[in-house]
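Here are the chains, one letter per residue:
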Amino acid sequence: MNKIDSSMHEPNSPSRQRIRIAVSLFFFCQGLAFSSWASRIPTIKDKLELSEAQLGTLLLMMPVAQLLTMPFSGKLVTTYGSAKVMRIVAIIYALILCSIGFANNAYQLGAVLFSFGIVGNMCNIAVNTQGVAVEKIYEKSIMSSFHGAWSIAGFTGALIGLLTMNIGIDTLTHFIIIFVLILLNTLINYKYLIPGKSDNQEKRSMFTKPESTLVQLGIIGFFSMATEGAMFDWSGVYFKDIVGAPENLIIVGYASFMVMMAIGRFVGDYIISRIGRKRTLQISGILMFLGMMLSVLFPQFWLCTLAFMLVGIGVACNIPTVYSLAGQNKNIPSGVALAMVSSVSYLGFLLGPPLIGYIAEISSLRYSYGVFAFFGLLMFIMTSKLKIFRETKDNSV
């Protein structure tokens, strides 16, 4: 029996429902911090008078930080446990968010975003490790609901951003409010996190050579999260510069994307049980392609809103599905497999936004969205050929 299982039978231990709520709230707070930053990108861009290429370069600071510190982050979680790491880095992540509000030039913003990437990576590994541990307690897939909490946070962050901008609250004050909310959650819920790790994962090297199936799952996740990153960081700019939306409505595209992604994640487990994981991923890829292309071909307010909703549905189930498949790997412990796949996937989330900026500088932001549309088709093709589905008769596995 591993440490997770034994800890559940200790006297006065919290119920699995209370643990699930606590982990969901940490997913929510991590999403709230990131979406709060994303909702203010157009404001910060204008304040610092940044071009698309300059903004793209600054956004690159986060993936560079993630690349440089990935082995350290994984080792930290493995050595000290995801619960201990989570309750510390959650607060640090919110503090760095506040620091973004102090940036007065591109250099200061770049330095803060580099730190934001380092700590965000630690949060990502720690909170998803908690999610895998809770799945083991429930003995069924519930990862989609955790990512649904993250998506709800994205929508909430967008609404708070819209509210603060329309009532004249500055960026720094906005971020301080988010810090207080995250601090309260951490103080209330950290004691309900799962403290242990399975013994075999503690002894496993973070530099284990990945299996080809895990690499393929990671690439599928990369395509999906690159599209997510493009929507998070550039949807507001797209609605402002390409769609020509009024200042108080530029956040509508981002909000519509987040709403549909959240809804898709909360119904994701039901959809997968009906049509299987393979077909779910294939349909998701097509929806991503159609949504992105619709926004490129018809950059009108309501059509783009509909297009961003399609993209939201398209990306909804991809990452939870990929993580669940990785966790079922029979040759590598689930925690190690998850770290491998999430590392590749999360690079898409971080590299996508700066890539959008560079393409936009060469041509236009509209054209860059057209390029990203083909990530959906590539995801469809890879899913159709994925080895894990060929080896199983039931595509829901």
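You'll find the structure just up there.
Residue positions are counted from 1 within each chain, in the order its sequence is given. Totals for whole chains, interfaces and linings use all residues, but because this is a predicted model, local features are given only for residues with pLDDT of at least 70 and pairs of side-chain atoms are given and counted only at 80 or more. Hydrogens and waters are ignored; side-chain quantities use all the structure's heavy atoms.

Chemist: What exactly am I supposed to notice about the overall build of the chain here?
Modeler: Looking only at helices and strands, one finds 19 helices and zero strands in the chain. For the exposure calls, accessible area comes from a 1.4 Å probe over protein chains only, and a residue counts as buried if that area is under 20% of its type's maximum, exposed if over 50%, partly exposed in between. A total of 397 residues make up the chain; the buried ones form 58% of that total. Looking at the chain alone, contacts between residues at least 24 apart form 85% of all its contacts between residues at least 6 apart. Computed by Shrake-Rupley with a 1.4 Å probe, the accessible areas treat only the displayed protein chains as cover when residues are assessed. Surface summary for the chain: the accessible area is close to 16000 Å², and the carbon and sulfur share equals 65%. Labels follow the DSSP assignment, with helices taken as runs of H or I lasting at least four residues and strands as runs of E lasting at least two, numbered in each case from the N terminus. By definition in these notes, contact holds between two residues if any of their heavy atoms fall within 4.5 Å.

Chemist: How should the packing of aromatic side chains be read in this particular structure?
Modeler: Aromatic ring pairs are defined here through the distance separating the ring centres and the angle between the ring planes. Ring geometry is summarised as follows: Phe, Tyr and Trp rings, the Trp one being its six-membered ring, pair when their centres sit within 6.5 Å, and such pairs are stacked at plane angles under 30 degrees, edge-to-face over 60 and tilted between the two. Going through the model one piece at a time under the given rule, you end up with 13 aromatic pairs. Note on Phe34 and Trp150: the rings are 6.4 Å apart at their centroids and 35 degrees apart in plane angle, and the pair reads as tilted. Separated by 116 residues along the polypeptide, Phe34 in helix α2 (residues 16-39) and Trp150 in helix α8 (residues 143-166) bring together distant segments of the chain. The interplanar angle of 50 degrees and the centroid separation of 6.0 Å between the aromatic rings of Tyr238 and Phe308 together place this pair among those described as tilted. Residue Tyr238 is located in helix α11 (residues 212-243), and its partner Phe308 is located in helix α15 (residues 301-316); the two are separated by 70 residues in the primary sequence. Following the ring pairs from residue to residue traces out a cluster consisting of Tyr238, Phe239, Phe301, Trp302, Phe308 and Tyr369. Note on criteria: charge over ring means Lys NZ or Arg CZ within 6 Å of the ring centre, with the direction from the centre no more than 35 degrees off the ring normal. In this arrangement the basic side chain of Arg16 is found over the ring face of Tyr138, its NZ or CZ atom lying 4.3 Å from the centre.

Chemist: Which parts of the structure should I look at to understand the packing of α8 against helix α12 (residues 252-266)?
Modeler: As a packed pair, α8 and α12 sit with axes 8 Å apart at the nearest point and diverge in direction by 160 degrees. Taken together, α8 and α12 sit at an angle that is classed as roughly antiparallel. α12 is crossed by α8, and the crossing has left-handed handedness. In this structure, α8 contributes Ser144, Ser145, His147, Gly148, Ala149, Trp150, Ser151, Ile152, Gly154, Phe155 and Ala158 to the contact, and α12 contributes Tyr254, Ala255, Met258, Val259, Met261, Ala262, Arg265 and Phe266. In the scheme used here, Gly and all other residues not listed as nonpolar or charged are polar, with Ala, Val, Leu, Ile, Met, Phe, Trp, Tyr, Cys and Pro taken as nonpolar and Asp, Glu, Lys and Arg as charged. The residue makeup of the contact of α8 with α12, split by class, is twelve nonpolar, six polar and one charged. Axis definition: a line fit to C-alpha positions, over the contact stretch in the case of helices; interaxial angles, taken between N-to-C directions, run 0 to 180 degrees. Here roughly perpendicular refers to angles of 65 to 115 degrees, roughly parallel to angles under 35, roughly antiparallel to angles over 145, and oblique to all remaining angles. Take the far helix as your reference; a near helix turned counterclockwise from it by less than a right angle gives a left-handed crossing, and one turned clockwise gives a right-handed crossing.

Chemist: Looking at this structure, how should I read the side chain of Asn189?
Modeler: Residue position: Asn189 is located in helix α9 (residues 171-189). Among the polar contacts made by the side chain of Asn189, one reaches the side chain of Arg18 at a distance of 2.7 Å. Residues within four places of Asn189 in sequence aside, it is in contact with Arg18, Ala22, Leu25 and Phe26. As used in this structure description, the phrase polar contact means that two N or O atoms lie within 3.5 Å; if the pair is within protein, one of them must be able to donate a hydrogen and the other to accept it, and residues adjacent in sequence are counted only when both atoms belong to side chains.

Chemist: Would you mind showing me how to read empty space enclosed by the protein here?
Modeler: Think of a ball as big as a water molecule: rolled over the atoms, this probe shows where empty space is left. A cavity here means a set of points on a 1 Å grid, drawn over the protein atoms and nothing else, where a 1.4 Å probe fits but cannot get out; a pocket is an open set with protein on both sides within 12 Å along at least five of seven lines, and a residue lines either one if it has an atom within 4 Å of a point. Grid points are joined across faces, edges and corners, and a volume is the space filled by probe spheres set on the points. For the coordinates displayed, the defined rule picks out six cavities of 30 Å³ or more. In this structure, the second largest cavity spans a volume of roughly 190 Å³. If you go around the second largest cavity, you meet 16 residues; those closest to its centre are Asn124, His147, Trp150, Met225 and Tyr346. Of all the secondary-structure elements, those providing two or more residues to the lining of the second largest cavity are α2, α7 (106-138), α8, α11, α16 (318-327) and α17 (334-362).

Chemist: What should I look at first to understand the pattern of salt bridges in this one?
Modeler: Proximity of charged atoms lets side chains of opposite charge pair with each other. Only one rule defines a salt bridge in this text: a Lys or Arg side-chain nitrogen within 4 Å of an Asp or Glu carboxyl oxygen. Within this structure, the stated rule accounts for three salt bridges. Lys240 serves as the salt-bridge partner of Asp46, at 3.9 Å between the closest nitrogen and oxygen. Here the residue Asp46 occupies a position in helix α3 (residues 41-47), and Lys240 occupies one in helix α11, the gap between them amounting to 194 residues. For the salt bridge of Asp241 with Lys240, the shortest nitrogen-to-oxygen distance reads 3.8 Å. Residues joined by salt bridges that share partners form a network here, namely Asp46, Lys240 and Asp241.

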